[in-house]
Each structure stands twice: as C-alpha cells, then as structure tokens.
Amino acid sequence: PPGLAPRPLPENRWEALDDVVAARRWALHGREPVRRGAYPGRLLVYFPDADLADGAAEAASEGFFDTHNAPPPATWIGYFEDGGDDPSYSAYVLAWVPTDAVVIADAGVAVNPEECIQWVGATRVLLRPVLAHVWLPTHPREPR
C-alpha cells in the first residue's frame, strides 16, 4: 500500500526503513502476531547502490519492482550493510516475496542486468548463512 512507503527524501536509508516500520506498526495495531511459516514465499536482496534504474525489472514484473528496481516497501524486512569488497553490493534491503508474487518478481530478477535484485540463495551477502538456518527456501532452485 502507498501508505507504507517512506518519506520521499529521508535523511538516510535507516530513516527510510524506520518510516516503513512505523507505518506497518500503525497499520497492524491490535492484530495478533502471525506465526512463523504462515506466509510462504522467498527472500530477495536489493542492492540500491548497484541500481541502474533502467525500468526493465519494473516492466517485466508488471510493476512489482519500481523504476529503481526496489521491491515494494510492504515486503521490506530490514536494511543491512556488510562492507564487502564492492561498495555497490555492500548495502542491501532484505525483502520477503509472497508465493503468489514469486513468478512476477522472478521475471524482474531475470531481466536485471546489473543484478541489483537477487534471490537470497544467489547472493554472497554475509547474512545468507544465518538465513539458511532460520528460513527454509520454498523454491527448488534456491540453494540452502
């Protein structure tokens, strides 16, 4: 929903994520927490510093990704900085893609030449081994 998007020009990425978290908390006020595994899907990594903003993923995914290849804010789990060798791929947003959106999201990932959007099983982020222990992939091609 548009109400979950961060302010247009937050001071930094941490504030953008804080905006999304606050909007979600407000939207879910009074609802029971969801038990783990209740919403199957796949984890996706978005590297905003590697983005070319060519719009190919947006078109191929029928608007799931935006022009900057970002997944919808409603799917964001967190923002992380690994500090790897390539600064374009050291900061990323981890997102959850629900099962019913995996096919259109995969179409966007497939046409993304700079690979700024990747399924978590295809990345080299430092968080990947931790995720393998707490999140079981629901796609047969995704390595554990």
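On a predicted model such as this, the values are computed, not experimentally measured, just so you know. (Residues numbered from 1 in each chain as written. Predicted model: local features only at pLDDT ≥ 70, side-chain atom pairs only at ≥ 80, totals over all residues. Heavy atoms only, no water.)

Things to note about the overall build of the chain
Here's step 1: What the chain contains, in helices and strands, is four helices and four strands.
Here's step 2: Counting from the amino terminus, helix and strand elements in the chain follow one another as α-β-α-β-β-α-β-α.
Here's step 3: Looking at the chain as a whole, 40% of its 144 residues are labelled buried.
Here's step 4: For the chain, contacts bridging at least 24 residues in sequence account for 64% of all contacts bridging at least 6.
Here's step 5: Surface exposure of the chain reaches about 8800 Å², of which carbon and sulfur atoms provide 58%. (Helix = DSSP H or I, 4+ residues; strand = E, 2+ residues; numbered from the N terminus. Buried < 20%, exposed > 50% of the residue type's maximum accessible area, 1.4 Å probe, protein only. Contact = heavy atoms within 4.5 Å. Areas by Shrake-Rupley, 256 points an atom, 1.4 Å probe, with all protein chains shown as cover.)

Side note on the packing of aromatic side chains
Here's step 1: Going through the model one piece at a time under the given rule, you end up with four aromatic pairs.
Here's step 2: Ring geometry for Phe80 versus Tyr92: centroids 5.6 Å apart, planes at 25°, classification stacked. Note that Phe80 is positioned in strand 2 (residues 76-81) and Tyr92 in strand 3 (residues 91-98), a separation of 12 residues in sequence.
Here's step 3: By relative accessible area, which is 28% here, Phe80 ends up partly exposed.
Here's step 4: Residue classification places Tyr92 among the buried positions, given a relative accessible area of 0%.
Here's step 5: Among the aromatic residues, ring-to-ring pairing joins Phe47, Phe80, Tyr89 and Tyr92 into one connected group.
Here's step 6: We note Arg42 situated over the ring of Trp119; from NZ or CZ to the ring centre the distance is 3.9 Å. (Phe/Tyr/Trp six-rings, centres within 6.5 Å; stacked < 30°, edge-to-face > 60°. Lys NZ or Arg CZ within 6 Å of the ring centre and 35° of its normal.)

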